[in-house]
Amino acid sequence: MNRKKIVTEEMPRIDIYYIMSNIKGIMMLLIVMFHCVSPVINSTRFSYIGEASLPLLIAISLLAMVMLSAVPSFVLITGYGSKDVESCGKDAFGHYFIPYIVLTLLLAVEYSFVNGVFYVDVFEPLMQLWFLMAMYIWMITLRDVSSIKFAVPLSILLSLVSGMVANGDVFKFTFGVSSFFSLSYVFTFLPFLIIGTRITGATLSRVRNSGAAWTAAAAALMLAIAVGLGCTFYFSDKYSLFDITSIRGNGNYLTYFGGESGFSSYAEVNIYGALLRVLMILFVFALAFVMFRFIPNKRVPLLTRVGEASMTVFCLHIFFLVPIASLIKADLLIQLSISIPVSVAVCWLLSCRKINKAFMRAVFWVSEAITVKKEKT
């Protein structure tokens, strides 16, 4: 009886706050680390593991899945914090769209200095700025989308289908679901956002107090997916690991979530693309279960700080990584050894109280100014 009361009782808000902040901190560190390391790894196209052993392929698959789970896990937490769907769209224009425009212009200027090419297309977000565009679309539509009957299964179906039809050239579409307005990202991560809004404090309490069997099952599922992918790369004549986000399939590329035509694109459009995304969704929720089960419910140095400043870190870290990526020219192992501590240092710097406060103050100032102007008109 006591056990049932503990499990179903909602957790204290302060405990949830610290757990969520620490998870966001871990995810943000992984995101920045991935963005810092992926150009280095992907430049090799993993050519050196053409004859890799099965254990190595399984380890790489597990690493890739964990790193690629960072963004959907972050979106899941964002959904949990967006339960007030009625007011989500109120400040979306000032909080997300205006910062997106400003940062797009600044990033284009920086990119022109580094690469000698000035390019701006507000309809196709540069690099990681897709997140601001996606947040804007999610927030202004969340109230209507959440009210749809069977919103969760329909959003999952949309996520799977959008991956299968992302390559418009295959179907001769005049408009493909790719990077335009971040639609491929929007559709891919929509299930995580919707499910996040459905999670309650009682649900989190049950996860936190779940037994060892449930935790072992979640961990086993993650390992099974990694083993399955590793075995596919090792034994299959059709698929092989191409880089940290892509799988080569008979000359085409079947990606986890990445691809040249958009984050959720599958250049090889078939049922295997949808199956891969199903595995990714299962992996993300299994990882989220394990993390919430064990992450401390108290302030943790660096993690809590980065989690609390996650919006600032996400928006600004690319301004550091663009010049850093162009400057690091060395052996692969040296580049990796430099990239990892650099990404941690970038997170530490951008999560400083003064930087985070200044950035968020600017965002809220713009949002408030727009809101006042709308009310006057």
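From a predicted model like this one, the values you see are computed outputs, not experimental measurements.

Q: How would you summarise the overall build of the protein if you had to cite specific residues and measurements?
A: Secondary structure assignment for the protein yields 16 helices and three strands. When burial is assessed residue by residue, the protein has 51% of its 377 residues classed as buried. Once local pairs closer than 6 in sequence are excluded, the contacts in the protein between residues at least 24 apart make up 80%. Here the protein displays about 18,300 Å² of accessible surface, and carbon together with sulfur accounts for 67% of that area.

Q: Describe the side chain of Ser 82, naming the residues involved and giving the relevant values.
A: Tracing the chain through its elements places Ser 82 in the loop between helix H4 (70-80) and helix H5 (92-115). When its relative accessible area of 7% is taken as the criterion, Ser 82 is described as buried. Setting aside its immediate chain neighbours within four residues, Ser 82 contacts Cys 88, Met 139, Leu 142 and Thr 197.

Q: Describe a positive patch on the surface, naming the residues involved and giving the relevant values.
A: A surface patch of like charges, here positive, comprises Arg 353, Lys 354, Lys 357 and Arg 361. Position of Lys 357 relative to the elements: it lies in helix H16 (residues 353-376).

Q: Tell me about the pattern of salt bridges, residues and numbers included.
A: This model, assessed by the stated rule, comprises two salt bridges. Arg 299 is the partner of Glu 308 in a salt bridge, and the nearest nitrogen-oxygen pair spans 2.8 Å. A relative accessible area of 46% means that Arg 299 is categorised as partly exposed.

Q: Talk me through the packing of H4 against helix H9 (residues 183-198); I want residue IDs and the actual numbers.
A: Look at H4 against H9: their axes get within 6 Å of each other, and the N-to-C directions meet at 35°. In the crossing of H4 with H9, the sense of the turn from one axis to the other is right-handed. Note on element contacts: H9 touches H4 through Phe 189, Phe 192, Leu 193, Ile 195, Gly 196 and Thr 197, opposite Val 71, Pro 72, Val 75, Leu 76, Thr 78, Gly 79 and Tyr 80. Its residues placed into classes, the contact of H4 with H9 shows nine nonpolar, four polar and no charged.

Q: An account of helix H11 (residues 212-235) is requested, with residue identities and associated values reported.
A: Taking 1.5 Å of rise per residue, the 24 residues of H11 would be expected to cover 34 Å, and the 33 Å separating its terminal C-alpha atoms lies within 8% of that figure. Within H11, the full set of buried residues consists of Thr 215, Ala 218, Met 222, Ile 225, Ala 226, Leu 229, Gly 230 and Phe 233.

Q: Now, about the packing of helix H3 (residues 54-68) against H11: what can you tell me, with residues and values included?
A: At a closest axis distance of 8 Å, the pairing of H3 and H11 adopts a crossing angle of 130°. Looking at the two axes, H3 sits oblique to H11. Judged by the twist between their axes, the crossing of H3 over H11 is right-handed. Here Leu 54, Leu 57, Ile 58, Ser 61, Leu 62 and Met 65 of H3 come into contact with H11, specifically with Met 222, Ile 225, Ala 226, Val 227, Leu 229, Gly 230, Cys 231, Phe 233, Tyr 234 and Phe 235.

Definitions and cut-offs
Residues numbered from 1 in each chain as written. Predicted model: local features only at pLDDT ≥ 70, side-chain atom pairs only at ≥ 80, totals over all residues. Heavy atoms only, no water. Helix = DSSP H or I, 4+ residues; strand = E, 2+ residues; numbered from the N terminus. Buried < 20%, exposed > 50% of the residue type's maximum accessible area, 1.4 Å probe, protein only. Contact = heavy atoms within 4.5 Å. Areas by Shrake-Rupley, 256 points an atom, 1.4 Å probe, with all protein chains shown as cover. Patch = residues over 30% accessible without salt bridge, like charges linked within 9 Å, V, L, I, M, F, W, Y side chains within 5 Å. Salt bridge = Lys/Arg side-chain N within 4 Å of Asp/Glu carboxyl O. Lys, Arg positive; Asp, Glu negative; His and termini not counted. Charge placed at Lys NZ, Arg CZ, Asp CG, Glu CD. Axes fitted to C-alpha atoms, helices over the stretch in contact; angles between N-to-C directions. Left-handed = near helix turned anticlockwise from the far one by under 90°. Nonpolar A, V, L, I, M, F, W, Y, C, P; charged D, E, K, R; others polar. Expected span 1.5 Å × (residues − 1). Parallel < 35°, antiparallel > 145°, perpendicular 65-115°, else oblique.

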